[in-house]
Amino acid sequence: MSERTGKVVCDLTVSADGYGAGLRQSEERPFGDDGGDGSGAGLHAWMFDTPDENRAEIDLLAGAGAFIMGRNMFGPVRGAWDRPWNGWWGENPPFHAPVFVLTHHAREPQPMAGGTTFHFVTDGIESALAQARAAAGDGEVLVHGGATTINQYLAAGLADELRLHIAPLTIGAGTRLFEGVPPLRLEQVTSRAASLVTHVTYRVLGEATG
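Because the structure is predicted, anything quoted here is derived from the model rather than measured.

Rules used throughout
Residues numbered from 1 in each chain as written. Predicted model: local features only at pLDDT ≥ 70, side-chain atom pairs only at ≥ 80, totals over all residues. Heavy atoms only, no water. Phe/Tyr/Trp six-rings, centres within 6.5 Å; stacked < 30°, edge-to-face > 60°. Buried < 20%, exposed > 50% of the residue type's maximum accessible area, 1.4 Å probe, protein only. Helix = DSSP H or I, 4+ residues; strand = E, 2+ residues; numbered from the N terminus. Lys NZ or Arg CZ within 6 Å of the ring centre and 35° of its normal. Salt bridge = Lys/Arg side-chain N within 4 Å of Asp/Glu carboxyl O. Pairing = 2+ DSSP bridges.

Caption draft 1: Fine view of the packing of aromatic side chains. Scanning the entire structure with this criterion turns up 9 aromatic pairs. Seen from their ring centres, Trp-85 and Trp-88 are 5.0 Å apart, and the 80 degrees between their planes marks the pair as edge-to-face. Take Trp-85: its relative accessible area is 12%, and that puts it in the buried class. The interplanar angle of 25 degrees and the centroid separation of 6.1 Å between the aromatic rings of Trp-89 and Phe-118 together place this pair among those described as stacked. Linking Trp-89 in the loop between helix H3 (71-74) and strand E4 (98-102) with Phe-118 in strand E6 (residues 117-121), this pair joins segments that are 29 residues apart in sequence. The exposure class assigned to Phe-118 is buried, which follows from its relative accessible area of 0%. The lysine or arginine in question, Arg-71, covers the ring of Trp-81, its NZ or CZ lying 3.7 Å from the ring centre.

Caption draft 2: Structural context of the pattern of salt bridges. This model, assessed by the stated rule, comprises 10 salt bridges. Between Arg-163 and Glu-140 there is a salt bridge; the shortest N-O distance is 3.6 Å. Here Arg-163, found in strand E8 (residues 161-167), pairs with Glu-140, found in the loop between helix H4 (125-136) and strand E7 (141-143); they are 23 residues apart in sequence, far enough to count as distant. Between Arg-203 and Glu-187 there is a salt bridge, with the nearest N and O atoms lying 3.0 Å from each other. Placement of the pair is Arg-203 in strand E11 (residues 198-207) and Glu-187 in strand E10 (residues 184-193), with a sequence separation of 16 residues. Overall, the relative accessible area of 33% leaves Arg-203 in the partly exposed class. Residue classification places Glu-187 among the partly exposed residues on the basis of a relative accessible area of 35%.

Caption draft 3: Fine view of the pairing of E10. Two strands pair when backbone bridges link them, and E10 and E11 are joined in this way by 9 bridges, in the antiparallel orientation. Paired with Ala-193 across the strands is Thr-198, a residue of E11. Turn length for the E10-E11 hairpin, with the two strands adjacent in sequence and antiparallel, is 4 residues.

Written out as C-alpha cells, the structure is:
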C-alpha cells in the first residue's frame with residue numbers, strides 16, 4: 001500500500017446505543033426501523049434542524065478530498081445494476097469530490113453536477129482506499145458509511161480517526177458500529193455537546209492487546 005498522506009477518517013452518526021440504521025432498510029425507509037419514518041430524521045436532526053449550531057462539523061464533512069461509501073449507503077439497488085440509480089442526493093450531491101462506492105457489480109463512473117463523480121470499486125476496501133488516496137492527494141479520505149463499511153476499515157486497521165455524532169435516541173437493533181471489530185485502543189481528541197448531538201473524535205491507535 002502506498003505511503004499515507006492525508007488522514008483516513010471514518011465519520012458516522014449513531015444512536016446512543018451505537019446504531020447507524022435500524023432493521024428492514026428499504027427504498028421507502030432508507031434507515032429502516034429508526035424510531036421514526038425511516039428517513040433518519042431523528043439521527044440527523046443535528047445537521048438539518050440545527051445546522052448553524054453544528055457548522056464546524058458539517059464543514060468537516062464537506063472538506064474531504066475524496067469519499068468512500070458502501071453500496072447500501074449509495075442506494076437500495078441490489079445485485080446487478082438493473083435500473084438507473086445515482087444515489088439519494090439528486091443531480092448535485094453534497095460531496096463535490098470523487099466518491100468511491102464499494103460494490104460487487106461493475107459499473108462505469110457516474111459524473112454528477114457540482115464536481116461529484118461516483119466510482120464503483122469491485123475489488124475490495126484496500127483498492128477503494130488506494131484510489132481515494134490518489135484522488136485526494138494530501139486531503140482527507142472520508143469513509144462516510146454506513147456502519148458496516150466503517151467496521152471493515154476499522155477491523156483492517158486502515159483508519160486514522162473516528163468521528164462520531166451521537167444522537168440522543170436509541171434504535172435497539174440494526175446496523176451497529178464496531179460489530180465484528182476487534183477491541184481497539186482509541187485516544188479522545190475532541191468532544192463537544194450540542195442540543196441535538198454530541199460530537200466525539202477519536203484517534204485510532206490500533207488493536208488493544210491483553
